[in-house]
Amino acid sequence: MMDQSKQENMMNALDKFLFGEVLREANETARDHCLNPRNLGAIADSDAQAIITGPCGDTMEIYLKISDDTIQRAGFMTDGCGYTIACGSIATEMLIGSKVSDALKIDQHKIEERLGGLPEEYRHCALLTANTIRKAQNSI
Ligand code: FES
């Protein structure tokens, strides 16, 4: 369960995204994953987790629940921009059902590709997400 202050930070980031120019420029996939994020929230009994604050000051958290060397559940939290929400959402979808060793294959470019591309100034959101996945995987 996400704590109150993290949830407020995330809602503030979402507000900025929704009421700024960004949402209008987002493609349909990114907009959908921002407005309807999948796998949002921490996993209390996760087997692996990581948190990274990127150079922009935004933070991504990734949680993995693993059995039989397969990622059964994945969750994320972020106080970052709407594109970061979209990256966390689609990346956790990509993680669920993957072998742990395949999690490393989910890099910045694959996240961007699945989202149908990101504006140049938001490509670092996918990098932050990919780096957090890598750190979570290394925590196993
Ligand atoms: Fe920094 Fe999206 S603007 S992670």
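Undergrad: Describe in detail the sheet that holds strand β2 (residues 59-67), supporting the description with residues and values.
TA: The strand order across the open sheet built from three strands is β1-β2-β3, with neighbouring strands paired in antiparallel fashion. Looking along the sheet, the strands with just one partner apiece sit at the ends: β1 (48-53) and β3 (70-78). Strand-to-strand twist in this sheet, taken as the mean axis angle between neighbours without regard to direction, amounts to 15°. Relative to β2, β1 runs antiparallel, the two sharing six bridges. Bridge pairing in β2 links Ala 50 to Ile 62. Sheet strands touched by helix α6 (residues 123-138): β1 and β2. Its angle to β1, the strand with the most contacts, is close to 140°.

Undergrad: Please give an account of the side chain of Ser 89 that cites residues and values.
TA: Relative to the elements of secondary structure, Ser 89 occurs in helix α4 (residues 82-95). Using a relative accessible area of 0% as the deciding quantity, one classes Ser 89 as buried. When neighbours within four sequence positions are excluded, Ser 89 is seen to be in contact with His 33, Asn 36, Pro 37, Arg 38, Asn 39 and Phe 76.

Undergrad: Give a description of α6 that names residues and reports values.
TA: Here α6 contains 16 residues, and its C-alpha end-to-end distance of 23 Å stays within 8% of the 22 Å for a straight helix at 1.5 Å per residue. Among all positions of α6, only Cys 125, Ala 126, Leu 128, Thr 129, Ala 130, Thr 132, Ile 133, Ala 136 and Gln 137 are buried. In this fold, the buried residues of α6 make contact with β1, β2, α4 and α5 (108-114).

Undergrad: Could you give me a rundown of the packing of helix α3 (residues 28-35) against α4, with the residues and numbers involved?
TA: In contact at an axis separation of 8 Å, α3 and α4 are set at 90° when each is read in the N-to-C sense. As judged from the angle between their axes, α3 and α4 are roughly perpendicular. For the pair α3 and α4, contact is made by Thr 29, Ala 30, His 33 and Cys 34 and by Gly 82, Tyr 83, Ile 85, Ala 86, Ser 89, Ile 90 and Glu 93, respectively.

Undergrad: Requested: an account of the packing of aromatic side chains, with residues and values cited.
TA: The tally for this structure, following the rule as stated, stands at one aromatic pair. Residues Tyr 83 and Tyr 122 carry aromatic rings whose centres are separated by 4.7 Å and whose planes lie at 40° to one another, so their mutual orientation is tilted. Taken together, the residues Tyr 83 in helix α4 and Tyr 122 in the loop between α5 and α6 connect sequence positions 39 residues apart. Pair check on accessibility: Tyr 83 and Tyr 122 agree, each one buried.

Undergrad: Give a detailed account of the packing of α4 against α6, specifying residues and quantitative values.
TA: Packing of α4 against α6 brings their axes to within 9 Å, and their N-to-C directions diverge by 40°. When the interaxial angle is binned, α4 and α6 end up oblique. In this structure, the crossing between α4 and α6 has a hand that is right-handed. Here Tyr 83, Thr 84, Cys 87, Gly 88, Ala 91 and Leu 95 of α4 come into contact with α6, specifically with Cys 125, Ala 126, Leu 128, Thr 129 and Ile 133. A breakdown of the residues in the contact of α4 with α6 according to their chemical character gives eight nonpolar, three polar and no charged.

Undergrad: I'd love a proper account of the pairing of β2, names of residues and values included.
TA: Most of β2 is tucked away, with seven of its nine residues classed as buried. In terms of strand pairing, β2 meets β3 through eight bridges, oriented antiparallel. Counterpart to Ile 66 in the pairing with β3 is Ile 71. With antiparallel pairing between neighbouring strands as the criterion, β2 and β3 make up a hairpin whose turn holds two residues, including Asp 68 at a positive phi of roughly 55°.

The rules behind the values
Residues numbered from 1 in each chain as written. Predicted model: local features only at pLDDT ≥ 70, side-chain atom pairs only at ≥ 80, totals over all residues. Heavy atoms only, no water. Pairing = 2+ DSSP bridges. Helix = DSSP H or I, 4+ residues; strand = E, 2+ residues; numbered from the N terminus. Axes fitted to C-alpha atoms, helices over the stretch in contact; angles between N-to-C directions. Contact = heavy atoms within 4.5 Å. Buried < 20%, exposed > 50% of the residue type's maximum accessible area, 1.4 Å probe, protein only. Expected span 1.5 Å × (residues − 1). Parallel < 35°, antiparallel > 145°, perpendicular 65-115°, else oblique. Phe/Tyr/Trp six-rings, centres within 6.5 Å; stacked < 30°, edge-to-face > 60°. Left-handed = near helix turned anticlockwise from the far one by under 90°. Nonpolar A, V, L, I, M, F, W, Y, C, P; charged D, E, K, R; others polar.

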